[in-house]
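If you want the building blocks of each chain, they are given just below.
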Amino acid sequence: MITARAAATFDPVARSVATARAFVRDTLQGWGYTDVVDDAVVLTSELVTNAVIHAGTAADVLCLRTEDGVRVEIADHYPEREIPLQPAALDLGSLDSENGRGLLLCAALASRWGVEYSPTRKHVWFQLDLPDRPVGVRSAGPMLPVGLLPVTDERVRVAVVQIDSEGAVAAWNDDATYLFGYTSDQVVGKQLTDFTAWPQTPGTSTGIADALRLSRWEGSYGIRGADGRTIPVYGSHLRVRDPQGEPSTVCLLVRDYERAVLQTPVRAPVSDAAESRKTDPFEVFIGSPAPDDLDGLLQRTVERARDMLDADAAFLLLATDDETELEVRATTGLPSARQRFARVPVEAGTGRYGSARMPAVHEDLDAVPGAVPLLGNTGMRSVVTVPLKVEGRLTGSLGVAAEAAGRYSNEEALRLQFAADRIALAVESARLGELERLRRGSLSFLVEASDLLAGTLDRNQTLALMAQMTVPTLATWCAVYTIADPASDPELSYVLHEDEERIDGLKGLLTRISPPEPVRTPGARVWAAPSQAAHEAALRTSMRSIGIGDPGGLGSTTRTTLATAAAVGGETVVLPLVARNRVIGMLTLGKPSDDHFRQEILELAEDLSRRAALALDNARLYSERTAISQSLQRSLLPPGLPAVPNVEVDVIYRAAGEGNEVGGDFYDVFPIRDGAYGFAIGDVCGTGPEAAAVTGLARHALRLLAREGFGGPAVLERLNAAILDEGTRSRFLTLLYGELWPQEDGSALLKVVCAGHPLPLRLRQDGSVEPAADPQPLLGVMEDLELYEQEFTLEPGDVLLCVTDGVTERREGTRMLGDDGLADVLSHCTGLTAGAVAARILRAVERFAAEPPSDDMAILTMRVPEPQ
């Protein structure tokens, strides 16, 4: 039921916005609706701005009072308005965009709202309900009609969750299980942050870890339930101490719409007498209660300054630590490009009026272009700016502006300076608090980043980590360029965007433009090329969509191009990746349309880039050395096994140590001459590269000497001399060397010399196992060796097994596989092929002990197949 109404029409001029705000404020205060005045004024200001500035028509404002609240209607008279088509869900825009922000604010602040179109006007309305008075809390309240009591479920559920000093869940009651779906066993011992959706920007306001350490805390946040949905809750936290003195936090949680069960009632207003005795000039200007966060305080400040001087726009800038630049932190009435974190110099020119350190009044900016860089091309004509100072240090600058010239004089400057003096200390205190939180967060971020980067030596993984650590914590998107050597051009190596659907479009855009110039100068520098290329592509696409230019390439490509332009349309910065006095790449960070980086984020990114550069260079060096090592090691292995007529030959080789392909054990099978083949299996003392060097010498010497026609003993005696000639680099060597002659009757004749090596084992068809040679002295110890050759024949179905001591000396505690254990395994391999025998031996070795092998292993098997 409508109980009162008030209406007014405002001309399409900039001053009408301030007049409309005053009209709505006076009307609602006259009706006694002070609880909703601020929200109504904010919404009216945005919607009237849309009408008189963007639509360029008069605005009709109608206020309707009801028993439950107030309804405000704003209409414009744009003559050619079309009903908008919405093929998908309504997109209300973003807070940083002027276009659509009024509707976004309606969605955020109003109880109900809507838009109505007619052929001659657009009609936007919003409803603000009076807030329910909290009842049933910790202090007595007045008796209220049943209809005014807060609504709850059939049974009020209060989740009681206790958090220990480490932030883990220690207790979880049945109501918590009912509300969120987790049983106590599923959550006890896990971090509360695993289930919490905390409504704050990291490093800029109270986070959950901070809230849990406060003696008392109340507020709203979300709990992610077992079904994946986020459940809005109202929480009351109390810090307690158990009998042993250990601190913990008790959290009482209810559904957000049942907050009256827990919420502390608002303190009653002080009496007029008390108010007259104690008046805070800060609260007089900023309003009470004052916002408890820096961004809220700054935004409230610019809105109050705009209203106080009946301005069209207002802005507040904070000074950097060195007081050389001012960073935009809050604006109202200015285009989005002039908003958050854009930077302007403190000294814009010579003389008194070119500095932000003193009050300044400009009656007409057209007469002094560039005097206030922030207002260039905004349509503002007159402006007054005043400094915010604390103990003589420049903290920031507060300004208001109007579209008409000659609006302000020294009198308005004095009024604004008085207000600035009242709020400067509060702003500086809030700013220092934010910086301290940012620095703590930055230290934690850098420590975690260093641990992650130090945990890998893989180049691709390092690139991915660099990007994932910056997106979305520091930037909206990231691209990493690498430079292989000083003579190479930068190469785009990795691209990441917080929206995965934008990655391909972003990668395509960056591929089409020249990479940034590699410069060793530390710090971030602005790179305009991506934004310009994106805007040009979006312009060409838009022209094609309306029939101008080449009509090809419309459809999904149009949406992708426009989305990419929005994604990279903000500020883009490049940080060099410098390691060991060389630029090895560049880290590129970007923001979406009209966004800027704040100075603290750039400083953090610079610290990260230094750590990332060293990690990337370490990964490069490791990859190069690993490739060299693997190439050299592969050169020490035989190129392949030859096909021996009527004899099956198979080898299994395992080098000990991560990344090693060759160790101290080696093998070889090679043709000597027609009808004759040589084979060898040996073990150099030790493992690793030193042992591998001797294996290379031994394998190549064996092939050369055997092909020169020397017999087995002569081959080994000459190899022994070559090893001793290595001097201090020499190592003793056990070696089994033999020659193989396949026979026409299907058997194979073998001649072997076993120099200190585990004896070869012969498996007969009946399952018996016996050594096939006698032990003789090893190589590399004595100069004069007297070695002899032993000859035997492998009949069809027989198997010869040759292994290194990594097989026989496999240990589990005090047990060792040994020669007897190996013979027992071999005795169960009758009828198997040579490859199957080698595989069964390897499985037996691996199963003998739980720990991975610590010694090299080589298994060489030869089998004479039975006739078919």
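To start, this report covers the structure provided alongside it. (Residues numbered from 1 in each chain as written. Predicted model: local features only at pLDDT ≥ 70, side-chain atom pairs only at ≥ 80, totals over all residues. Heavy atoms only, no water.)

Residues Asp725, Glu783, Asp784 and Glu786 make up a contiguous surface patch of negative charge. Relative to the elements of secondary structure, Glu783 occurs in the loop between strand 29 (769–771) and strand 30 (790–794). (Patch = residues over 30% accessible without salt bridge, like charges linked within 9 Å, V, L, I, M, F, W, Y side chains within 5 Å. Areas by Shrake-Rupley, 256 points an atom, 1.4 Å probe, with all protein chains shown as cover. Salt bridge = Lys/Arg side-chain N within 4 Å of Asp/Glu carboxyl O. Lys, Arg positive; Asp, Glu negative; His and termini not counted. Charge placed at Lys NZ, Arg CZ, Asp CG, Glu CD. Helix = DSSP H or I, 4+ residues; strand = E, 2+ residues; numbered from the N terminus.)

This paragraph deals with the packing of aromatic side chains. Scanning the model with the defined rule gives 7 aromatic pairs in all. Above the ring of Trp125, the side-chain terminus of Arg71 is found at 4.1 Å from the ring centroid. Between the NZ or CZ atom of Arg422 and the centre of the ring of Phe418, over which it lies, the distance is 4.4 Å. (Phe/Tyr/Trp six-rings, centres within 6.5 Å; stacked < 30°, edge-to-face > 60°. Lys NZ or Arg CZ within 6 Å of the ring centre and 35° of its normal.)

Here we take up a nonpolar patch on the surface. On the surface, Phe732, Val781 and Met782 cluster together to form a nonpolar patch covering roughly 270 Å² of accessible area. Looking at where Phe732 falls in the secondary structure, it is placed in the loop between helix 17 (712–724) and strand 26 (733–742).

A few words on the sheet that holds strand 14 (residues 343–345). The antiparallel open sheet is built from 6 strands, whose spatial order is 14-13-12-17-16-15. The sheet is open, and its two edges are formed by strand 14 and strand 15 (360–362), each paired on a single side. If you compare each strand with its neighbour and ignore which way they point, the axes differ by 25° on average. On top of the sheet, helix 9 (residues 294–308) reaches strand 12 (313–319), strand 13 (325–332) and strand 17 (393–402); it is set at about 70° to strand 13, its chief contact. (Pairing = 2+ DSSP bridges. Axes fitted to C-alpha atoms, helices over the stretch in contact; angles between N-to-C directions. Contact = heavy atoms within 4.5 Å.)

Overall, the coordinates contain 27 salt bridges when judged by the stated rule. Of the charged contacts in the structure, one is a salt bridge between Arg229 and Asp227, with a shortest N-O distance of 2.8 Å. Judged by its relative accessible area of 53%, Arg229 is exposed. Residue class for Asp227 comes out exposed when judged on its relative accessible area of 52%. Of the charged contacts, one joins Arg440 and Glu436 as a salt bridge, the two residues approaching to 3.8 Å between their closest N and O atoms. Taken together, the residues span about one helical turn, with Arg440 and Glu436 both in helix 10 (residues 410–454) at a distance of 4 residues. For Arg440, a relative accessible area of 42% puts it in the partly exposed group. For Glu436, a relative accessible area of 39% puts it in the partly exposed group. (Buried < 20%, exposed > 50% of the residue type's maximum accessible area, 1.4 Å probe, protein only.)

Let's shift gears to the packing of helix 19 (residues 818–827) against helix 20 (residues 834–848). Two elements in contact, helix 19 and helix 20, have axes whose closest approach is 10 Å; the angle formed by their N-to-C orientations is 135°. Relative to helix 20, the element helix 19 is oriented oblique. Considering the relative orientation of helix 19 and helix 20, their crossing is right-handed. Contacts from Leu822, Val825 and Leu826 in helix 19 reach Val837, Arg840, Ile841 and Ala844 in helix 20. The residue inventory of the contact of helix 19 with helix 20, partitioned by class, reads 6 nonpolar, no polar and 1 charged. (Parallel < 35°, antiparallel > 145°, perpendicular 65-115°, else oblique. Left-handed = near helix turned anticlockwise from the far one by under 90°. Nonpolar A, V, L, I, M, F, W, Y, C, P; charged D, E, K, R; others polar.)

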